[in-house]
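Given next are the chains, with one letter for each unit.
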Amino acid sequence: MFQKKIFILINFYTRIFIINLMKKIPVRCPTCNQMGYIEINDIDLQPNIRGIMGVNVLASVICEHAFVVYIDNNHEIRDCFSTDFTIHLPELELDEKDKSNELIDLESINIDLITANILSLTIVNILHACFLKKKLLFLNDNEEINLHLNNFVKFCFQDSFDIFFEAKQRWEYGREEETYKEYIIIENERVIKDEENTLNPKKIKIERVMVQTFLAKLEQKTSLILLKNEIKIAFHLAKYVKKFFLSKGGLASRPKDLIKYLDKKSTISVNRYYVKFLIQILAKYFDVNIKDKFDFSGYIDWAWFLE
Ligand SMILES: [Zn+2]
């Protein structure tokens with residue numbers, strides 16, 4: 001029963017709605033302050049356990065900017081943030097079979113402590129490094145925060161990616177500096193070592209949306225479970241991408257065909273930013289480089305894809 005509830009939540013959350021008909025709700029663009037209305041189908045606003053939904057406001061609906069608004073069951077705007085691209089996070093049926101062997105218990109994480117003390121950008125950077133199998137050390141002299149941050153990150157990734165993340169105090173690092181030679185290091189809020197420029201904020205899009213979505217939620221424990229499931233979805237989808245190229249037997253594929261393939265897989269709806277994210281995971285985490293397996297003829301606007 002509990003699992004079923006969670007499953008409904010997952011489905012609900014991963015769907016960021018394109019605007020439908022019916023209910024008119026006034027919203028203000030977070031970038032230029034332009035006021036306007038979005039129209040919501042009342043069916044989409046049925047009471048749900050979390051009591052909040054995200055609506056993707058596309059560029060040109062209100063002004064030139066795209067943004068996401070969060071609306072509760074009373075049609076009140078709860079939060080709003082801008083996006084410089086349009087997202088559809090994938091929706092996928094998840095098997096829950098490995099739920100039982102969770103190492104970190106949700107109850108052992110003080111989410112408030114983390115969100116009050118750790119910058120959202122830092123969380124974005126941690127996720128990004130983990131997705132790409134990079135080693136990351138976070139230095140902070142508050143032992144309690146470190147404990148909960150370690151649990152938080154382990155919890156998020158524990159049924160998908162193997163990660164190399166540690167939060168430690170400075171003196172601990174000083175004692176065993178040699179061990180962390182290959183690590184990206186973030187000290188409090190600053191990235192102090194990142195030799196390969198992995199944490200380039202301009203290139204991190206999906207993780208940013210994941211964290212913003214996580215922070216915008218009212219019920220933190222549920223939103224943490226949802227964040228973990230999104231990470232799991234990315235893990236499985238990256239493997240789907242690999243499967244797609246294996247099925248092509250070495251023939252170059254058009255980007256469009258890959259998107260179509262991912263769309264056909266269950267109820268997934270992905271855009272090209274998300275596909276790029278998956279291809280990065282495949283290259284860095286799974287060590288499968290497929291960029292040269294694309295046929296970009298007639299796709300000049302996809303050049304950024306190979307960056
Ligand atoms: Zn605007």
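As the structure is a prediction and not an experimental result, all values here were calculated from the model.

Rules used in this analysis
- Residues numbered from 1 in each chain as written.
- Predicted model: local features only at pLDDT ≥ 70, side-chain atom pairs only at ≥ 80, totals over all residues.
- Helix = DSSP H or I, 4+ residues; strand = E, 2+ residues; numbered from the N terminus.
- Buried ≥ 20, exposed ≤ 12 C-beta atoms within 10 Å, placed from the backbone.
- Contact = placed C-beta atoms within 7 Å.
- Core = buried A, V, L, I, M, F, W, Y, C linked by C-beta atoms within 7 Å.
- Domains from an automatic or database assignment.
- Pairing = 2+ DSSP bridges.
- Expected span 1.5 Å × (residues − 1).
- pLDDT = per-residue confidence, 0-100.
- Axes fitted to C-alpha atoms, helices over the stretch in contact; angles between N-to-C directions.
- Parallel < 35°, antiparallel > 145°, perpendicular 65-115°, else oblique.
- Left-handed = near helix turned anticlockwise from the far one by under 90°.
- Nonpolar A, V, L, I, M, F, W, Y, C, P; charged D, E, K, R; others polar.

It is worth spelling out the overall build of the protein at this point. Counting secondary structure elements, the protein contains nine helices and 10 strands. For the protein, with 307 residues in total, the buried portion stands at 30%. Put simply, of all contacts in the protein between residues at least 6 apart along the chain, 68% involve residues at least 24 apart.

Ranked by internal contacts, the top residues of the largest apolar core, which has 51 residues, are Ile126, Cys130, Leu136 and Leu278. The dominant element in this core, judged by the number of residues it contributes, is helix H7 (residues 220-247), at nine residues. Shared between two domains, this core holds at least three residues of each, these being domain 2 (97-203) and domain 3 (234-306). Setting aside residues no more than four positions away along its own chain, Cys130 makes contact with Phe157, Phe161, Ile163 and Phe165. Core analysis: the second largest hydrophobic core is formed by 12 residues, Val55, Val57, Ile62 and Ala66 among them.

Two strands pair when backbone bridges link them, and strand S9 (residues 184-187) and strand S10 (residues 190-193) are joined in this way by three bridges, in the antiparallel orientation. Note on S10: the bridge partner recorded for Ile185 is Lys193. Counting the residues between successive antiparallel strands, the hairpin from S9 to S10 contains two residues, one of them, Asn188, with a positive phi of roughly 50°.

The next thing to look at is unusual backbone geometry. The phi dihedral of Asn33 falls on the positive side, at around 70°, and the residue is not glycine. Relative to the assigned elements, Asn33 resides in the loop between strand S2 (23-28) and strand S3 (35-40). When the 8 C-beta atoms within 10 Å are taken as the criterion, Asn33 is described as exposed. Its identity is not glycine, yet Lys133 carries a phi of approximately 60°, on the positive side.

What follows covers helix H3 (residues 120-131). Helix length check: H3 (12 residues) gives 17 Å between terminal C-alpha atoms against 16 Å at 1.5 Å per residue, within 8%. Burial runs high along H3: 10 of the 12 residues are buried.

For Phe286, the location among the structural elements is in the segment after helix H9 (272-284). In this structure Phe286 comes out as partly exposed when scored by C-beta crowding, with 15 C-beta atoms within 10 Å. Here Phe286 is in contact with Ala238, Lys242 and Ile281, once residues within four sequence places are set aside.

Right, let's get into H7. Along its 28 residues, H7 runs 40 Å from first to last C-alpha, staying within 8% of the 40 Å computed at 1.5 Å per residue. A positive backbone phi angle near 50° is found at Gly249, which sits one or two residues after H7.

Of the residues in the protein, 75% reach a pLDDT of 70 or more, and the chain-wide mean stands at 79. When pLDDT is averaged over each helix and strand of the protein, the minimum, 40, is found for strand S1 (residues 17-18) and the maximum, 98, for strand S7 (residues 136-139). Segment residues 1-21: pLDDT under 50, and 40 contacts once partners within four positions in sequence are set aside and those in other chains are kept.

A separate point is the sheet that holds S9. Sheet architecture is open: four strands sit in the order S8-S7-S9-S10, paired in mixed fashion. Since the sheet does not close on itself, it has two edges, and those belong to strand S8 (165-168) and S10, each with one partner. Each strand of the sheet is rotated relative to its neighbour by a mean of 25°, with strand direction disregarded. Inspection of the sheet shows S7 paired to S8 by four bridges, in the parallel sense.

Attention now moves to the packing of H7 against helix H8 (residues 255-264). Where H7 meets H8, the closest approach of the two axes is 10 Å, and the angle between their N-to-C directions is 125°. Relative to H8, the element H7 lies oblique. Note that H7 runs across H8; the crossing there is right-handed. Listed contacts from H8 to Leu237, Tyr240, Val241 and Phe244 of H7 are Leu258, Tyr261 and Leu262. Residues that form the contact of H7 with H8 fall into these classes: seven nonpolar, no polar and no charged.

Inspection of the secondary structure assignment puts Glu189 in the loop between S9 and S10. Remark: the alpha-carbon pair of Glu189 and Phe138, spanning 51 residues in sequence, is separated by 9.2 Å. With residues near it in sequence (within four places) discarded, Glu189 still touches Leu119 and Thr122.

Any two packed helices are characterised by the angle at which their axes cross and by the distance between the axes. It is the contact of H3 with helix H6 (residues 206-215), at a shortest axis distance of 9 Å, that shows an interaxial angle of 130°. Taken together, H3 and H6 sit at an angle that is classed as oblique. As for the relative orientation of H3 and H6, their crossing is right-handed in sense. Note on element contacts: H6 touches H3 through Glu207, Arg208, Met210, Val211 and Leu215, opposite Ser120, Ile123, Val124, Leu127 and His128. In terms of residue class, the contact of H3 with H6 is built from six nonpolar, two polar and two charged.

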